[in-house]
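Remarks on the overall topology
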Amino acid sequence: MWRWHDAQPVTREERCAPSRPHQLLSVPTLPLSPGLMDVGVGSFVATSAITRGFRGASRTGDARAVKCSRFRREATRAAMLLLLGLLRLLSTRGVDYQSHASEYGVHWNFFFTLGALRLAVSVAEGLGAGRGLLAPGLVGMGILAAHQYALQRLGWLAWIHAEQRTLGSLLSANKEGLGSLPGYLALHLLSLSLGAGLRRTAANARPLAVGAALALALQAAFLCSAARLQPVSRRACNAPYVAWTLALNAQAVLGFAGGAALADNVLPAALSALSGRMLPVFLAANLATGAVNWGMDTLGAGDWTARAVLAVYASGILLAAQAGWQVGRGAGT
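Residues numbered from 1 in each chain as written. Predicted model: local features only at pLDDT ≥ 70, side-chain atom pairs only at ≥ 80, totals over all residues. Heavy atoms only, no water.

**As for the packing of aromatic side chains**
The description of an aromatic ring pair rests on the distance of the ring centres and on the angle between the ring planes. Inspection of the entire model under this criterion finds 10 aromatic pairs. A ring pair is formed by Phe44 and Phe282, whose centres lie 4.8 Å apart and whose planes are at 45°; its orientation type is tilted. Note that Phe44 is positioned in helix 2 (residues 39-55) and Phe282 in helix 14 (residues 278-295), a separation of 238 residues in sequence. Summarising the burial analysis for this pair, Phe44 and Phe282 share the class buried. Through pairs of rings, three or more aromatic residues link up here, namely Phe44, Tyr104, Phe110, Phe111, Tyr184, Phe222, Tyr241, Trp244 and Phe282. Seen from the ring of Tyr104, Arg234 lies directly overhead, with NZ or CZ sitting 5.2 Å from the centre. (Phe/Tyr/Trp six-rings, centres within 6.5 Å; stacked < 30°, edge-to-face > 60°. Helix = DSSP H or I, 4+ residues; strand = E, 2+ residues; numbered from the N terminus. Buried < 20%, exposed > 50% of the residue type's maximum accessible area, 1.4 Å probe, protein only. Lys NZ or Arg CZ within 6 Å of the ring centre and 35° of its normal.)

Okay, structure coming up:
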């Protein structure tokens, strides 16, 4: 479905692993079709929200006390993520590590997005927009509609994708990261509703059939939005990108559910390890990627060298996740 255009410049991911097919890599500019790696950051937001919505929320105790406690907890997590973003900014600048302003901006990075998203979600939940099946989805659709209107009618998309930046303006310097925040908030809220819907689907007599219908509906929504509105843009987190991310993650959940049904609901230890520690795994993967880029000439690596490095990289991340999971289980017993 996705094609790579010869005019596309070499990206960070292509430098990291030139042996990977181009259609899997990130695409920074329009009107090019998106690469599969563009869905990674959106999937991180979506899967955490789907999991949260699927688990539901405990409503025991005084409602105001529960809300205050939850807000303090989310604010603390947001502060930690913002601190991680600051540390990443300082460390990459300190070692002169390669960075691309077209991804999130001159100073912005994905940890800042996650931290800001935590704060926004905690406020939304405090207002009652983050609980249940319908409320998060309706609020998310409203935010996404307003965001898409601004992108198309107010010129936000052209501003975000423009190479020019206003000298001395922090807003212009980080327009990709700041301009995509409403889209990521909408994605989180819609994913919460998706998770709550999947929870109800699991109690259905034919959960896989209902899940397949839901995945097909989301895929149709993506195809329609991409054809009628504008091409997918991860940098702007527009409506087609949100629909694409939801569709792919719904398909992934359906695949996992089918696999679990065939395996009598016995979840492999590797999946349990990755699912239970998404942020630590994400951090470890970022550090490992930086170590690889710092320690070898990735652009000059041959195909088999790149494949070997990728195999060691993936195996190391998986083993580290499993080791952390086992330690956590031991501490909890």
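Past the structure itself, the notes keep going.
**A few points about unusual backbone geometry**
Residues apart from glycine generally show negative phi values, whereas peptide bonds are mostly found in trans. If you check the backbone angles, Cys237 has positive phi at about 50° while not being a glycine. Within the secondary structure layout, Cys237 lies in the loop between helix 11 (207-228) and helix 12 (239-262).

**Description of helix 14**
The end-to-end C-alpha separation of helix 14 is 25 Å, in line with the 26 Å expected for 18 residues at 1.5 Å each. Turning to helix 14, its buried residues are Val281, Phe282, Ala285, Ala288, Gly290 and Asn293. (Expected span 1.5 Å × (residues − 1).)

**Remarks on the environment of Leu170**
Relative to the helices and strands, Leu170 resides in helix 8 (residues 170-173). What makes Leu170 exposed here is its relative accessible area of 60%. Considered as a pair, Leu170 and His107 are 63 residues apart in the sequence and their alpha carbons are 8.5 Å apart.

**Notes on the layout of surface pockets**
Volume-wise, the second largest pocket comes out at about 830 Å³. In this structure, the second largest pocket is lined by 27 residues; those nearest its centre are Ser48, Arg52, Arg77, Arg118 and Met278. When residues of the lining of the second largest pocket are traced back to their parent elements, those giving at least two are helix 2, helix 3 (63-94), helix 5 (110-126), helix 13 (269-276) and helix 14. Among the residues making up the lining of the second largest pocket, the classes are represented as 12 nonpolar, six polar and nine charged. (1 Å grid on protein atoms, 1.4 Å probe; cavity = no way out; pocket = protein on both sides within 12 Å on 5 of 7 lines; lining within 4 Å. Points joined across faces, edges and corners; volume = space filled by probe spheres on them. Nonpolar A, V, L, I, M, F, W, Y, C, P; charged D, E, K, R; others polar.)

**Description of the nonpolar core**
Grouped together as the largest cluster of nonpolar side chains are 41 residues, with contacts concentrated most on Val45, Phe110, Tyr184, Leu187, Tyr241, Val242 and Leu246. When sequence neighbours within four positions are dropped, the list of residues in contact with Phe110 reads Val41, Phe44, Val45, Tyr104 and Phe282. Ranked by size, the runner-up nonpolar core spans seven residues in total, among them Ala273, Ala285, Ile317 and Ala321. (Core = buried A, V, L, I, M, F, W, Y, C linked by side-chain atoms within 4.5 Å. Contact = heavy atoms within 4.5 Å.)

**Overview of helix 10 (residues 181-202)**
Between its first and last C-alpha, helix 10 extends 31 Å over 22 residues, near the 32 Å set by a 1.5 Å rise per residue. Buried residues dominate helix 10, accounting for 18 of its 22 residues.

**Regarding the packing of helix 2 against helix 14**
At their nearest, the axes of helix 2 and helix 14 sit 11 Å apart, and the two run at 165° to each other. With respect to helix 14, the element helix 2 is oriented roughly antiparallel. As helix 2 runs across helix 14, the sense of the crossing is right-handed. Only Met278, Leu279 and Phe282 of helix 14 make contact with helix 2, whose side of the interface consists of Phe44, Thr47 and Ser48. Class assignment of the residues belonging to the contact of helix 2 with helix 14 gives a composition of four nonpolar, two polar and no charged. (Axes fitted to C-alpha atoms, helices over the stretch in contact; angles between N-to-C directions. Parallel < 35°, antiparallel > 145°, perpendicular 65-115°, else oblique. Left-handed = near helix turned anticlockwise from the far one by under 90°.)

So, to be careful, I would describe these as geometric facts and stop short of saying anything about function.
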